[in-house]
Amino acid sequence: MAVLKLHGTPFSTAAMRALAALYEKELDFELVPVDMKAGQHKSEAFLALNPFGQVPAFEDGDLKLFESRAITQYIAHEHASKGTQLVSPDPKKMTILSVWMEVEAHQFDPHASKLCFEHVFKKMFGMTTDPAVVEELEGKLGKVLDVYEARLTQSKYMSGACFGLADLHHLPALHYLQGTSSKKLFDSRPHVCAWVADITARPAWAKVIALQK
């Protein structure tokens with residue numbers, strides 16, 4: 001059986017998303033480090049795996065994938081019988097899960113990822129956080145979280161009673177924002193706050209965070 005390979009760095013939000021899925025499914029895999037500071041993600045060898053030169057890239061034998069959410073869906077479906085059930089065999093439940101995966105990608109992440117950049121990644125690169133930008137992004141993300149608060153009064157997780165990919169996809173941004181002043185956006189909404197506490201305490205996620213140490 002071919003060894004699963006994930007190319008990336010555990011500090012990348014996209015790579016963290018794929019790593020979470022691998023750990024939830026209890027799969028053996030090889031994490032192939034990509035030195036982004038050295039520009040390795042723009043090398044000819046890496047571009048053969050991801051032509052956009054971004055991490056992560058994923059290999060399962062002859063299959064080569066990029067885009068973290070596509071990778072997590074492949075892992076969840078291909079290894080449905082292992083570990084945590086991250087998708088549903090029921091068409092209606094799977095469609096609801098897909099709706100909330102789309103919400104994460106198109107409503108939540110555009111604002112959350114920019115907040116991560118302002119709060120966390122700018123400091124890594126010796127840049128200064130722009131308070132005006134943070135305030136604007138918090139206003140936009142807050143409106144999304146109002147929808148989440150309403151949703152989470154109806155179900156424990158985004159797509160229903162069970163943890164799934166729609167929840168997992170949020171984890172990287174949630175992890176970084178919990179250590180910033182923007183944490184107040186989650187703490188001020190009780191159902192969102194409880195959901196964040198629940199999904200960030202998962203053992204599989206702890207394994208992802210351990211890779212950063």
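Residues numbered from 1 in each chain as written. Predicted model: local features only at pLDDT ≥ 70, side-chain atom pairs only at ≥ 80, totals over all residues. Heavy atoms only, no water.

**Side note on the environment of L4**
Stage number 1. Take L4: it is sitting in strand β1 (residues 4–8).
Stage number 2. For L4, a relative accessible area of 4% translates into the label buried.
Stage number 3. In this structure the C-alpha to C-alpha distance between L4 and L27, which are 23 residues apart in sequence, comes to 8.4 Å.
Stage number 4. Residues within four places of L4 in sequence aside, it is in contact with L22, L27, D28, F29, E30, F58, E59, D60 and H79. (Helix = DSSP H or I, 4+ residues; strand = E, 2+ residues; numbered from the N terminus. Buried < 20%, exposed > 50% of the residue type's maximum accessible area, 1.4 Å probe, protein only. Contact = heavy atoms within 4.5 Å.)

**Notes on the side chain of R17**
Stage number 1. Among the secondary structure elements, R17 is positioned in helix α1 (residues 13–24).
Stage number 2. When residues no more than four places from it in sequence are discounted, the contact partners of R17 are S68, R69, T72, E104, D109, L168, H169 and P172.

**Observations regarding the pattern of salt bridges**
Stage number 1. Scanning the model with the defined rule gives twelve salt bridges in all.
Stage number 2. Salt-bridge contacts for R17 lead to E104; the nearest nitrogen and oxygen are separated by 3.9 Å. With a gap of 87 residues between them, R17 in helix α1 and E104 in helix α4 (residues 91–124) connect regions that are remote in the sequence. Residue R17 shares its accessibility class with E104, and that shared class is buried.
Stage number 3. E118 serves as the salt-bridge partner of K122, at 3.1 Å between the closest nitrogen and oxygen. Linking K122 with E118, this pair stays in helix α4, spanning four residues, or about one helical turn.
Stage number 4. By relative accessible area, which is 10% here, K122 ends up buried. (Salt bridge = Lys/Arg side-chain N within 4 Å of Asp/Glu carboxyl O.)

**Notes on the environment of V147**
Stage number 1. You can see V147 is positioned in helix α5 (residues 131–151).
Stage number 2. Residue V147 is classed as partly exposed on the basis of its relative accessible area of 47%.
Stage number 3. Along the backbone, V147 and V192 are 45 residues apart, and their C-alpha atoms lie at a distance of 9.9 Å.

**What about the sheet that holds strand β4 (residues 63–66)?**
Stage number 1. Read from one edge of the open sheet, four strands run β2-β1-β3-β4, paired in mixed fashion. Sheet topology places β2 (29–33) and β4 at the edges, where each strand pairs with a single neighbour. Within the sheet, the average angular offset between the axes of one strand and its neighbour, ignoring direction, is 20°.
Stage number 2. Here α1 sits on the sheet and contacts β1, β2 and β3 (57–60); the angle it forms with β1, its principal contact strand, is near 155°.
Stage number 3. The sheet strands contacting helix α3 (residues 68–78) are β3 and β4, and the helix crosses β4 at an angle near 135°. (Pairing = 2+ DSSP bridges. Axes fitted to C-alpha atoms, helices over the stretch in contact; angles between N-to-C directions.)

**Description of unusual backbone geometry**
Stage number 1. Residue V55 is joined to P56 through a cis peptide bond whose omega torsion reads 5°.
Stage number 2. In the Ramachandran plot, E26 falls in the positive-phi region, its phi being about 55° despite a non-glycine side chain.
Stage number 3. Considering the arrangement of structural elements, one finds E26 in the loop between α1 and β2.
Stage number 4. Phi at E67 takes a positive value of approximately 75°, unusual for a residue other than glycine.
Stage number 5. Considering the arrangement of structural elements, one finds E67 in the loop between β4 and α3.

**So, α3**
Residue pairs three or four apart in sequence face the same way in an α-helix, which turns once every 3.6 residues.
Stage number 1. S68, I71, T72, I75 and A76 are the residues of α3 that are buried. Summarising the axial view, the buried residues of α3 lie within an arc of 130°, below the 170-degree limit, and thus occupy one face.
Stage number 2. Contacts made by the buried residues of α3 are with α1, β3, β4 and α6 (165–168). (Arc of directions from axis to C-beta.)

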